[in-house]
Amino acid sequence: MSLCLACGFCCDGTLFNRVPLTEAEAPALKVPLQVVDGQHHARQPCPALEGTACRVYAERPFTCRRFRCLLLEAHEATEVSLSGAVEIVEATRALRATLAAALSRPDAGRIVDEARALRGPLEPAVAQALERLEKQLAFHFLGQRSRQPR
Ligand code: SF4
Ligand code: SF4
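Residues numbered from 1 in each chain as written. Chains lettered and ligands numbered in written order. Predicted model: local features only at pLDDT ≥ 70, side-chain atom pairs only at ≥ 80, totals over all residues. Heavy atoms only, no water.

J.: Is there a simple way to explain the packing of helix H4 (residues 82–103) against helix H6 (residues 124–142) in this structure?
T.: Pairs of packed helices are described in terms of their axes, by the angle between the two and the distance that separates them. Relative orientation of the contacting elements H4 and H6 amounts to 155 degrees, with a least axis distance of 9 Å. Viewed along their axes, H4 and H6 adopt a mutual orientation that is roughly antiparallel. The handedness of the crossing between H4 and H6 comes out as left-handed. Here Ile88, Val89, Ala91, Thr92, Leu95, Arg96, Thr98, Leu99, Ala102 and Leu103 of H4 lie close against H6, whose contacting residues are Ala125, Val126, Ala129, Leu130, Arg132, Leu133, Gln136, Leu137, His140 and Phe141. (Axes fitted to C-alpha atoms, helices over the stretch in contact; angles between N-to-C directions. Helix = DSSP H or I, 4+ residues; strand = E, 2+ residues; numbered from the N terminus. Parallel < 35°, antiparallel > 145°, perpendicular 65-115°, else oblique. Left-handed = near helix turned anticlockwise from the far one by under 90°. Contact = heavy atoms within 4.5 Å.)

J.: Quick question: what am I supposed to make of the side chain of Thr92 here?
T.: Positionally, Thr92 belongs in helix H4. Here Thr92 falls in the buried class, since its relative accessible area comes to 1%. If near-sequence neighbours (up to four positions away) are discounted, Thr92 is found in contact with Phe9, Leu133, Gln136, Leu137 and Phe141. (Buried < 20%, exposed > 50% of the residue type's maximum accessible area, 1.4 Å probe, protein only.)

J.: Would you take a moment to explain the layout of surface pockets for this structure?
T.: Empty space among the atoms can be located by rolling a probe the size of a water molecule over them. A volume near 610 Å³ is recorded for the largest pocket. Residue lining of the largest pocket: 32 residues in total, with Cys4, Cys10, Cys11, Tyr57 and Arg60 positioned closest to the centre. Looking at the lining of the largest pocket, the elements that each hand over two or more residues are strand E5 (53–54), helix H2 (62–66) and helix H3 (70–76). It is H3 that provides the largest number of residues to the lining of the largest pocket, a total of four residues. Classifying every residue of the lining of the largest pocket gives 23 nonpolar, four polar and five charged. (1 Å grid on protein atoms, 1.4 Å probe; cavity = no way out; pocket = protein on both sides within 12 Å on 5 of 7 lines; lining within 4 Å. Points joined across faces, edges and corners; volume = space filled by probe spheres on them. Nonpolar A, V, L, I, M, F, W, Y, C, P; charged D, E, K, R; others polar.)

J.: Even after reading the chapter, I still don't get the nonpolar core, so can you show me in this structure?
T.: Where a protein is soluble and globular, its nonpolar side chains tend to be buried together. Counting residues in each nonpolar core, the largest one holds 28 residues, and the members touching the most others are Leu3, Leu15, Leu71, Val89, Leu99 and Phe141. Within the residue set of this core, elements represented by two or more residues are H3, H4, helix H5 (111–116) and H6. The biggest single contributor to this core is H4, with eight residues. For Leu3, the residues in contact, after removing those within four places along its chain, are Leu71, Leu72, His75, Leu82, Ala85, Val86 and Val89. Counting residues in hydrophobic clusters, the runner-up holds 10 residues, among them Val19, Ala28, Ala48 and Leu49. (Core = buried A, V, L, I, M, F, W, Y, C linked by side-chain atoms within 4.5 Å.)

Pasting the structure below:
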């Protein structure tokens with residue numbers, strides 16, 4: 001098992017909310033393109049994601065080929081074992097589930113954006129769950145990188 005097949009956070013909406021791609025790359029994903037600020041993209045969860053696997057892996061967009069999260073880099077540098085990295089993925093998934101439960105919504109990558117989109121003061125349980133998840137995502141996956149777009 002590879003780390004990415006145990007994860008999928010960069011495809012399911014947990015880390016990003018869209019996949020930048022060119023018009024030439026779009027047919028592989030079989031979705032209508034959207035355009036924001038002149039940039040073509042497909043919304044996440046990515047329509048090419050099946051479970052935690054990419055259905056178009058051999059033809060995936062350049063932005064997907066280029067992206068490597070901090071955890072993957074650390075694992076490839078043998079700083080974190082596969083089992084240790086998977087534990088971090090599972091701990092992150094648990095934090096995401098806690099956020100979803102606090103919002104009484106199904107657990108899915110898009111829950112991060114749903115929580116951020118809420119207007120007005122957040123319920124304490126939601127605010128705490130969102131803060132813990134965002135810290136986890138920044139520390140283990142994104143670092144100083146912006147969450148969107150990738
Ligand atoms: S690159 Fe990182 S976030 Fe994306 S699937 Fe692999 S381990 Fe998960
Ligand atoms: S095309 Fe594949 S690698 Fe890229 S976001 Fe979609 S599922 Fe992930």
